[in-house]
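Residues per chain, in single letters:
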Amino acid sequence: MALDELDGRILALLEANGRESATKLAAKVGLSRSAVQERVARLERDGIIQGYTIRRGRGGPPAGVETYLFVRLEGPACPRVAPLVRELPEVLSIESLAGELDMLIRARVPDMAALNTLRERVARLPEVRTVTTAPVLAVHLDRR
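Residues numbered from 1 in each chain as written. Predicted model: local features only at pLDDT ≥ 70, side-chain atom pairs only at ≥ 80, totals over all residues. Heavy atoms only, no water.

## A few points about the overall build of the protein chain
Test applied: Counting from the N terminus, the helices are DSSP H or I runs at least four residues long and the strands are E runs at least two residues long. Only the C-alpha atoms count toward the radius of gyration. The rule for a globule is 2.2 Å times the residue count to the power 0.38. Contacts: residue pairs with any heavy atoms within 4.5 Å of one another.
When you go through the protein chain residue by residue, the secondary structure sums to 5 helices and 4 strands. The linear arrangement of helices and strands in the protein chain, starting from the amino end, is α-α-α-β-α-β-β-α-β. Compactness check: the protein chain gives a C-alpha radius of gyration of 19 Å against a globular reference of 15 Å for 144 residues, more than 25% above the reference. Principal-axis analysis of the C-alpha atoms places the extent of the protein chain at approximately 55 × 40 × 25 Å. In the protein chain, once contacts between residues fewer than 6 apart in sequence are set aside, the share between residues at least 24 apart is 62%.

## Points about the packing of helix α2 (residues 22–29) against helix α3 (residues 33–45)
For any two helices packed against each other, one specifies the inter-axial angle together with the distance between the axes. Put simply, the test is: The axes are straight lines fitted to the C-alpha atoms, using for helices just the contacting stretch, and the angles between their N-to-C directions are given from 0 to 180°. If an angle is under 35 degrees, it is roughly parallel; if it is over 145, roughly antiparallel; if it lies from 65 to 115, roughly perpendicular; otherwise it is oblique. Basically, the charged four are Asp, Glu, Lys and Arg, the nonpolar ten are Ala, Val, Leu, Ile, Met, Phe, Trp, Tyr, Cys and Pro, and anything else, Gly included, counts as polar.
One can describe the packing of α2 onto α3 by two numbers: an axis separation of 8 Å at closest approach and a directional angle of 105°. Comparing their axes, α3 and α2 come out roughly perpendicular. Taking contact as the criterion, the partners of Ala22, Thr23, Leu25, Ala26 and Val29 in α2 are, on α3, Arg33, Val36 and Gln37. Here the contact of α2 with α3 is built from residues that sort into 5 nonpolar, 2 polar and 1 charged.

## Regarding unusual backbone geometry
Of note, Glu127 is a non-glycine position whose phi angle comes to about 75°, a positive value. Along the chain, Glu127 falls in the loop between α5 (112–123) and β4 (128–135).

Functional significance is not addressed by these values, which are geometric in nature.
If you want it as structure tokens, here you go:
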């Protein structure tokens, strides 16, 4: 499905605030509320919008440990390994990479013990050669 400029503007507004009302979106992009609702429904149906989420602020309870797992695989195994990693509830994103590393996994776990358990689970998956973890110490910019 091809996205037009209005779809792009609606997506950008929803990425900035997933709770933005259809009425406010409509005013910002110059469409009627029903036209925006139809476009958002199409974007959801076509898999462009796959869900809505929250980002925790600094005032809430501890969010746990966010971490990256750098994975090297045996050969071109990402298409076979990614569905297995996707099943792990701690995993936030999975990316296939070019270069020395094959896969980048971003995850959030409650504590370091849980990180160790996650790392071991990923390391035991078929065709995983090595896993290196990098817990996030501080976030200086997040434009997601």
